[in-house]
Amino acid sequence: MANLYDRLSRQFPKDRGAPFATLPGGRVVTYAALEARSAQYARVLQGLGLAVGDRVAVQAEKNLDMLMLYLGCLRAGAVFLPLNTAYTAGELDYFIADAEPALVVCDPTRLESVAEIAARRGAPHVLTLDAAGAGTASARADAAEPEFATLDLPDEALAAILYTSGTTGRSKGAMLSHGAMASNAFALAECWRYGPEDVLLHALPIFHTHGLFVATNVTLASGAAMIFLPGFDPDAVMAALPSATVMMGVPTFYIRLLKDPRFTREAVAHMRLFVSGSAPLSADVHREFAERTGHAILERYGMTETNMNTSNPYDGERRPGTVGLPLPGVCVRIADPESGRVLPQGEVGVIEIKGPNLFHGYWRMPEKTAAEFRDGWFISGDLGLIDDHGYVSIVGRAKDLIISGGYNIYPAEVETALDELPEVRESAVVGAPHPDMGEGVVAVVVPREAGFADAERLTTQLRDKLARFKQPRRIVFVDELPKNTMGKVQKSLLRERLADSFQS
Ligand code: MCA
Ligand code: AMP
């Protein structure tokens, strides 16, 4: 039995009346309810005629039924494809065209535009789900039988496709298997000493690896419970802390909590673990957090393509500025980015990963998949080193990527959108240090007409093209971009010049 759901369900509490999730307002959803609801969603999928391997694209506000739909997909062998709620209709059009989902689930407010895209792209079914878990999807689930015999699937069967933007060109759908996700969930549960008594404070979005797989799968793999919040709201987090034992977050969560005077040693007295990932956690934030709360944040490192790769230890030293040690079963090496030669310990190179956690390639992009592997090792695009105690540190990126508040933004995509505007001759987009988001997006624009400097006019036109989080927070106008002799924009120079863009 290799279905991820079956493997997780073997760890569910014997007493299925035990809580799985507490929702805002206090409603408690038990493991028995989880089994019934996920069965109902599995039946909805079967009822629509979905077969093993069919994709289910979901763009919905965070709500527990979306998680039940995810579990229903696992049980029925459908492939869950979550999409950031910030994506515009234009962005959605690409994902639906590329993934060819059999079912698209969206917020009722977007039904008209999503139904139009689905019809044009040949996606046969569209259902709705709102922030309260109401809609045509959940109405169908209400009417379905609450039992379902979970399908037996091979390890390599696809469980999910998550899109990551490409450094150049189109977004790529990372294909994640039941086996890869199971290996990672159990490795993390063991590393972080997760148990049935744990209560996770869940404030992350559930359309990315962090909130969907790390947070949810680890909880299920331990028969633990979660306090399921709609998003990161400091008041709600403060109110939940006394009932929680574990919190997972991006660095911005912890930066914001440290700004809150209520966030004290007493406030976290019930907590046993704070985990950070998705973006670099500065050593300063790590130290300030330890001084304030007595807790050393446990930083770990992952990617959409690999799930989690390394983690600081639960027992033992959690070293600020490092992402810790390879997880059980995962191998990490450092290679020369150009030649691929494996580098001696201590030298900086590109981080490469091998293990049961790896994805099964990019959806319908065999060449792109091949280009990102070297001898079976996945080339992460992150630059790092391994110290003499085996701790991995990330020191930079070989890929042109900005991470803002835990969301990835590929400058090439923003530059393409800017360059299409009639006022823009050319542009270059870089990340600048941002006190809240880690990095903020800065665009350097050469206008077609000398003297044009209307940033708002450009921003307005980007509104329908790019998700809000990808849009430049600052636009600087210049006569020309600094280029090297090959005609390539010198981004490191721009980064230096614009380094204080967001410093107050
Ligand atoms: C919201 N905005 C953002 C971001 N989030 N802009 C840039 N970067 C962002 N991350 C926009 C909003 O639309 C809003 O625009 C404005 O910025 C200010 O919003 P604010 O209220 O400050 O933001 P928020 O709603 O509080 O959201 C910030 C957040 C959120 C809580 C940090 O972005 C978040 O939950 N991030 C987590 C991302 C995550 O889960 N990443 C994991 C990826 P306007 O003012 O114009 O309306 S998985 C991963 O990376 C790998 C696998 C891993 O290792 O985990
Ligand atoms: P994504 O695949 O879009 O989720 O983003 C993965 C990228 O996030 C990695 O390649 C890293 O660049 C970055 N990342 C994740 N965790 C960490 C971390 N703890 N420290 C630094 N960067 C991280």
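Before reading on, note that the structure itself is shown above.
Residues numbered from 1 in each chain as written. Chains lettered and ligands numbered in written order. Predicted model: local features only at pLDDT ≥ 70, side-chain atom pairs only at ≥ 80, totals over all residues. Heavy atoms only, no water.

**Focus on the pairing of strand β19 (residues 377-386)**
To be explicit about the condition: Only protein chains enter the area calculation, which uses a 1.4 Å probe; residues under 20% of their type maximum are buried, those over 50% are exposed, and those in between are partly exposed. Numbering goes from the N terminus for both helices and strands, where a helix is a DSSP run of H or I of at least four residues and a strand is a run of E of at least two. DSSP-based pairing: two strands are paired if at least 2 bridges between them are found.
Within β19, nine of the 10 residues are buried, which leaves the element mostly enclosed by the surrounding structure. Bridge count for strand β17 (residues 349-354) against β19 is four bridges, and the pairing is antiparallel. Among the inter-strand pairings, I353 is bridged to a residue of β19, identified as F378. In textbook terms, the turn of a hairpin is the stretch between consecutive antiparallel strands, and for strand β18 (residues 373-374) and β19 this stretch comprises two residues, one of which, D375, has a positive phi near 50°. Pairing of β19 with strand β20 (residues 392-397), which is carried by five bridges, proceeds in the antiparallel orientation. Across the sheet, residue L383 finds its bridge partner in β20, namely G396. Joining the antiparallel neighbours β19 and β20 is a turn of five residues, in which G390 adopts a positive phi near 90°.

**What to know about helix α5 (residues 111-121)**
The α-helix advances 3.6 residues per turn, and as a result positions three or four apart in sequence lie on the same side. We apply this condition: Summarising the geometry, the arc corresponds to the directions from the helix axis toward the C-beta atoms. Contacts are assigned to residue pairs that have any heavy atoms within 4.5 Å of one another.
Buried residues of α5: V114, I117 and A118, and no others. Within α5, the buried residues cover an arc of 100° as seen down the axis, which keeps them to one side. Along α5, the residues that are exposed and aim more than 90 degrees away from the buried face are E112 and A119. Buried residues along α5 sit against α4 (89-99), β5 (103-106) and β6 (125-128). Of the residues trailing α5, G122 is marked for its positive phi of about 80°.

**Looking at the site of ligand 1**
We count it as follows: Distances are taken per atom, and a residue is near a molecule or strand as soon as one of its heavy atoms is within 4 Å of it. Polar contact criterion, stated in full: a pair of N or O atoms within 3.5 Å, where within protein one must be able to donate a hydrogen and the other to accept it, and residues adjacent in sequence count only if both atoms are side-chain atoms. All accessibility values rest on the Shrake-Rupley procedure with a 1.4 Å probe; residue burial counts only the protein chains present in the view. Residue type decides the class: Asp, Glu, Lys and Arg count as charged, Ala, Val, Leu, Ile, Met, Phe, Trp, Tyr, Cys and Pro as nonpolar, and the leftover types, Gly among them, as polar.
Neighbouring ligand 1 are 24 residues, the closest being R256, S278, R300, S404 and R468. Between ligand 1 and the protein, one listed contact pairs a nitrogen atom with a side-chain N or O atom of S404 at 2.6 Å. Between ligand 1 and R468 there is a distance of 2.3 Å, counted from an oxygen atom to a side-chain nitrogen or oxygen. Computed on the free molecule, ligand 1 has an accessible area of 1000 Å², of which 71% lies beneath the protein chains in the complex. Within the residue set of the shell around ligand 1, elements represented by two or more residues are α8 (209-221), α10 (251-258) and β13 (298-303). Considering only residue class, the shell around ligand 1 consists of 10 nonpolar, 10 polar and four charged.

**Examining the sheet that holds strand β12 (residues 273-276)**
Where we set the bar: Here, axes are lines fitted to C-alpha atoms. For helices the fit covers the stretch in contact, and angles between N-to-C directions go from 0 to 180 degrees.
Strands sit in the order β2-β1-β10-β9-β11-β12-β13-β14-β15 across an open sheet of nine strands; the sheet is mixed. Each edge of the open sheet is held by one strand with a lone partner, namely β2 (28-30) and β15 (325-326). Sheet topology places strand β11 (residues 246-249) next to β12; four bridges connect them, and they run parallel. Bridge pairing links M248 to V275 in β12. Where α10 meets the sheet, it contacts β11 and β12, and its direction lies at approximately 115° from that of β11.

**Remarks on the side chain of H210**
Looking at the element boundaries, H210 is found in helix α8. Excluding residues within four positions of it along the chain, H210 makes contact with L204, A215, M248, G249, V250, G277, S278 and R300.

**Quick word on the nonpolar core**
How we decide: Take the buried residues of types Ala, Val, Leu, Ile, Met, Phe, Trp, Tyr and Cys, join any two whose side-chain atoms come within 4.5 Å, and each joined set is a nonpolar core.
F20, L67, Y70, M247 and F274 are the most contacted members of the largest nonpolar core, which has 117 residues in total. If you tally residues by element for this core, the top one is helix α3 (residues 64-76), at 10 residues. Ignoring anything within four residues of it in the chain, the contact list for F20 reads V29, T30, Y31, L34, L64, L67, M68, T219, L220, A224, A225 and M226. A417, A443, F452 and L462 belong to the second-largest nonpolar core, a separate cluster that totals 37 residues.

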